[in-house]
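These are the residues of each chain, in order.
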Amino acid sequence: MHVLFTIVNERRFAIDCAEIIEVLPVVSHRPAGTGPAWLLGLINVRGELLPLVDLSVIVDGKPTQPKLASRIVVLRLETELFSSQATKVGLLVPEIAGPVMRDFDAAGVHAGFAFTGGSHLGPTIADEDGMVQLLRCRRILEGDAALRQLPATAWEQP
Amino acid sequence: MSRAVTFRKSLLGRSLLLGVLPAAAVVFVIVGINSFRAWNNVNARFETDLRAATELAVGEIDLRNQRNIDMARILVASQEAAMFGRRAETLDMLENVLRSNPSICGTYVAYEPDADGADALGAQEGVPANALGAGGRFFAYVKRDAKSPDGIQIEPLVEPVGEDGLWYLLPKERAQRSGVADPVITKPYNYRGADIIEHVVPIVVKGKFVGVAGVDVALTGLQERLKDISQRLGADVFIETRGYFVAATTDGEKGTSLRTTRVAESLLSPVFRDIVVHGSRPWEAIDPILHEECVYLAATVPTGEWRVLVRKPTRVATEAVTTTIIGNVRTAVIGVVVILVLLSVGAVSISRRVRAAKGIAERIAGGDLSGGSATALESKAATGADESAELVRAMHQMNDELVSIVSAVRGACVRLAATSAQLAATSHEQRATVGAFGESTSQIAAAIREISATGIALQRTIESVDAGARRASESAAKGRTRLDSVASSMSRLDVATSEIAGRLEIIAEKAAAIGTVVVTITKVAEQTNLLSVNAAIEAEKAGDAGLGFLVVAREIRRLADQTAGASLDIERIVGQMQSSVTAGVEEMSRFTGEMRTGTGDVQQIVGDLGGIIAQIDASFASFGEVRSGMTTQAMGVSQIEQAVMQVAAGAQQSSRSAVEFGRVADELAHAVAVLQDAAARFKLREESAATTEEGAA
């Protein structure tokens, strides 16, 4: 599959290109004011309001430091959370590289990673630049109870 | 000054102490030593006498015993040779021996029962019955008897039983035990009214004891002989054997006879016990009979186991010595007393004259030369011929001489006192004057020294100022020349700086223009990059149809990245250039301002230096004049100082002389006063007369 790499705190993660709509430069967002730490707020993408999620908080626990190479990756997520509808989410990443071809299906199973709450982390493989782990972006929203407490209107009726 | 002289320190006392006492001591020491020697000699002689007496007694007794034993031996020898058993011949022989030896009082031969086998025969021709003992044994005793016609009587011996039979039993026992014919002298005992001792010898025929033969000796003879010895020596002699007294030259206690008395029962028994302790040495003890200190000496008679004890009271020895010593002491005491009396007479006479001389000397010492109070004793002491009288006369003469000397001294004293007072006054005045002069001189000298020091210091200062001014003038001239060239260089620098500043400003403007272009390039590159990413994603989504496009998108993206990197570099470099140029422009403008100020200052300094040089040149002439003047002044001051110093030294010397003079004058006055006092102490004849008159008035 083709993936786009992003590097969070020197760890490489891969995002499936099939889930990506487009890559945007960092634009200003309206802060959410409540909710979990990884939910930064709302952004305006060509007239459409999308939630902005900070990948660094999810995988590293610390907010992304703003820099020139930072990008917003607009994802299209197939999730059952919102009545089987596909939804769009903006993911703030420190930097990107790719797209490149990587085969994550041959990675096999690694012991010790099947714990609850870690379902957004996919299989890990090694290439010429070191280890890289696949992000299951769809599960990011599924795995967190706090997101479900948000009013559905905030997502369905922008 | 008269002072009581104790007897111990007086002339008489001393002569007694130093003359008589040592002499007396010497005399007494000699007497003591002599007495001690005499005492020792007497003791030694006493002991010698005692030994001689003892030896004499022992020799006498031994000789007697030996002779008697020899007679007994002759009897025994004849028996053993041929006469044993021939009883009649034996009786004849006993009678012959008795007759020919007046010292013995009896002879006897006794056989053992039936020793010759003739007992059964009984009395027969030549052998009367009274020569036989019990059972017919031969038991003959021949003794003197004044009653019988031929003076001799034969009678049988008493059967030997108990202690009285020892004369027979003792030799028998010894002969049977040893087989040797050993003579025995018995203890004295009373045999039928006579005190006798027996000298017995056993008869041994063919090794068998068959009887004894012996002689009796009366003790009276021995007793008389011992008394002779005792009287000659002044000592008592006691002879003892087997626990009995044989003889004694004195009686025992309470007039009892010691003879045939047991020693152990007599009072002398403790003395005899001591013999064992002292052996042949003399010893001293309190005699139990005489109750006084006695010396004892014991000896043993070789023949017959007798012991001789000689006793002599120590009083006998000490009496003689004591008499001698008392005589010596008496003589010594008389001699000392005589010396004492003679010495006292002489010393009293000398002492009287010496006391007179002492009286005169004390009077003179007290200042009385009048001689009015001369005592009668002193006048009397002047008569005489010995040295002490001469001394008294000399004292009188000395008195007269002193009178004339004191008179002369008094006159001289009065005159000397006047002179010394005058001298003292003069010296005091002189000392004051000289002191004042010296003080003034010292002050002048100090002032001059200060002037001189100041002048010299000033001169040195002027010289250094002069040299400094010359160097300053030279330096100023050089400085002016250099400053002129500095001023022209600075003017040229000012122009160049202004040009550089203008060019830098142009560079700054161009750099700002480049910055704007670079920002535009960066933005374009970034957008291109994003565009290519999105294009790539889209191409991927398009699947195989989009593969070619994906390659192109990727290439575009690489170019865009390179462009962005290059433009970032340019932006950074241009930024640095801009800040450098801005800083340069600011530095240049500040430097230009400073340059202009500096040029003005330099020109001002050049002008000032010119003025300084002119003034220094002008001052050189005045400095030269001042210096020569100072030198002349310093020399003058130095000369004055030396002169004043000499004057001051003279003044000091004068002052010291004046002080010394004054001191001498004072001493003289003092000496004269002392002399006057001393002279006044003496009282002359006319004065004493005047005093007497005054007292009378």
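Before reading further, recall that the structure is shown in the block above.
A quick note: this is a predicted structure, and the numbers were derived from the prediction, not measured.

Another aspect to go through is the packing of aromatic side chains. A full pass over the atoms with the stated rule returns eleven aromatic pairs over all chains. Where Tyr111(B) meets Phe138(B), the ring centres are 5.1 Å apart and the plane angle is 50 degrees; that geometry is what we call tilted. In this pair, Tyr111(B) is assigned in strand 1 (residues 106–111) and Phe138(B) in the loop between strand 1 and strand 2 (139–144), connecting sequence segments 27 residues apart. Take Tyr111(B): its relative accessible area is 0%, and that puts it in the buried class. Judged by its relative accessible area of 0%, Phe138(B) is buried. Ring centres of Tyr168(B) and Phe209(B) lie 6.0 Å apart, and the angle between their planes is 70 degrees; on these two criteria the pair is classed as edge-to-face. With Tyr168(B) in helix 3 (residues 166–178) and Phe209(B) in strand 7 (residues 208–218), this residue pair connects regions lying 41 residues apart in the sequence. A residue is classified by how much of its surface remains accessible, and Tyr168(B), at 2% relative accessible area, is buried. Judged by its relative accessible area of 8%, Phe209(B) falls in the buried class. Through successive ring pairs, a cluster of aromatic residues spans Tyr108(B), Phe139(B), Tyr141(B), Trp167(B), Tyr168(B) and Phe209(B). The positively charged end of Arg12(A) is found above the aromatic ring belonging to Phe5(A), 4.7 Å away from the centroid.

Taken residue by residue, the interface counts 13 residues in chain B and 16 residues in chain A. Taken together, the two surfaces of chain B and chain A that pack against each other cover about 1200 Å², and 55% of this comes from carbon and sulfur. Three residues, Leu530(B), Ile537(B) and Glu540(B), lead the burial of chain B against chain A; their summed loss comes to 38% of the area buried on that side. There are zero salt bridges connecting chain B and chain A.

Judged by nonpolar contacts, the single largest core of 54 residues is most densely connected at Leu222(B), Leu226(B), Ile239(B), Trp306(B) and Val308(B). The element that contributes the greatest number of residues to this core is helix 1 (residues 11–83) of chain B, accounting for twelve residues. Those residues within four positions of Leu222(B) in sequence are excluded, and the remaining contacts are Ile61(B), Arg64(B), Ile239(B), Val246(B), Ala247(B) and Trp306(B). Core analysis: the next-biggest nonpolar cluster, separate from the first, contains 24 residues, Leu39(A), Leu77(A), Val93(A) and Ile537(B) among them.

Residues and elements named next belong to chain B. Sheet architecture is open: five strands sit in the order 9-8-12-11-10, paired in antiparallel fashion. Both outer strands of the open sheet, strand 9 (244–248) and strand 10 (283–286), are each paired with one neighbouring strand and no more. Strand-to-strand twist of the sheet, defined as the mean angle between neighbouring strand axes without regard to direction, takes the value 30 degrees. When strand 8 (residues 236–241) meets strand 9, the two strands line up antiparallel, connected through four bridges. Bridge assignment links Glu240 to a residue of strand 9, and that residue is Phe245. Each of strand 8, strand 11 (293–301) and strand 12 (306–313) is contacted by helix 1, which is oriented at about 35 degrees to strand 11, the strand it contacts most. Strands strand 10, strand 11 and strand 12 of the sheet are contacted by helix 6 (residues 314–365), whose axis makes an angle of about 35 degrees with strand 12.

Turning our eyes to something else, we now look at the sheet that holds strand 11 (residues 130–135) of chain A. The sheet built from five strands is open, its strands ordered 9-1-2-11-10 (chain A) with mixed pairing. Single-partner strands in this sheet number two, and they are strand 9 (96–101) and strand 10 (121–127) of chain A. Neighbour-to-neighbour, the strand axes of the sheet open up by a mean angle of 30 degrees, direction not taken into account. Sheet topology places strand 10 of chain A next to strand 11 of chain A; five bridges connect them, and they run antiparallel. Residue pairing for strand 11 of chain A: Ile125(A) is matched across the bridge by Val132(A). Lying on the sheet, helix 9 (residues 547–681) of chain B is in contact with strand 1 (2–8) and strand 9 of chain A; it crosses strand 9 of chain A at an angle near 155 degrees.

The rules we used
Residues numbered from 1 in each chain as written. Chains lettered and ligands numbered in written order. Predicted model: local features only at pLDDT ≥ 70, side-chain atom pairs only at ≥ 80, totals over all residues. Heavy atoms only, no water. Phe/Tyr/Trp six-rings, centres within 6.5 Å; stacked < 30°, edge-to-face > 60°. Helix = DSSP H or I, 4+ residues; strand = E, 2+ residues; numbered from the N terminus. Buried < 20%, exposed > 50% of the residue type's maximum accessible area, 1.4 Å probe, protein only. Lys NZ or Arg CZ within 6 Å of the ring centre and 35° of its normal. Contact = heavy atoms within 4.5 Å. Buried area = accessible area lost by both parts, 1.4 Å probe. Salt bridge = Lys/Arg side-chain N within 4 Å of Asp/Glu carboxyl O. Core = buried A, V, L, I, M, F, W, Y, C linked by side-chain atoms within 4.5 Å. Pairing = 2+ DSSP bridges. Axes fitted to C-alpha atoms, helices over the stretch in contact; angles between N-to-C directions.

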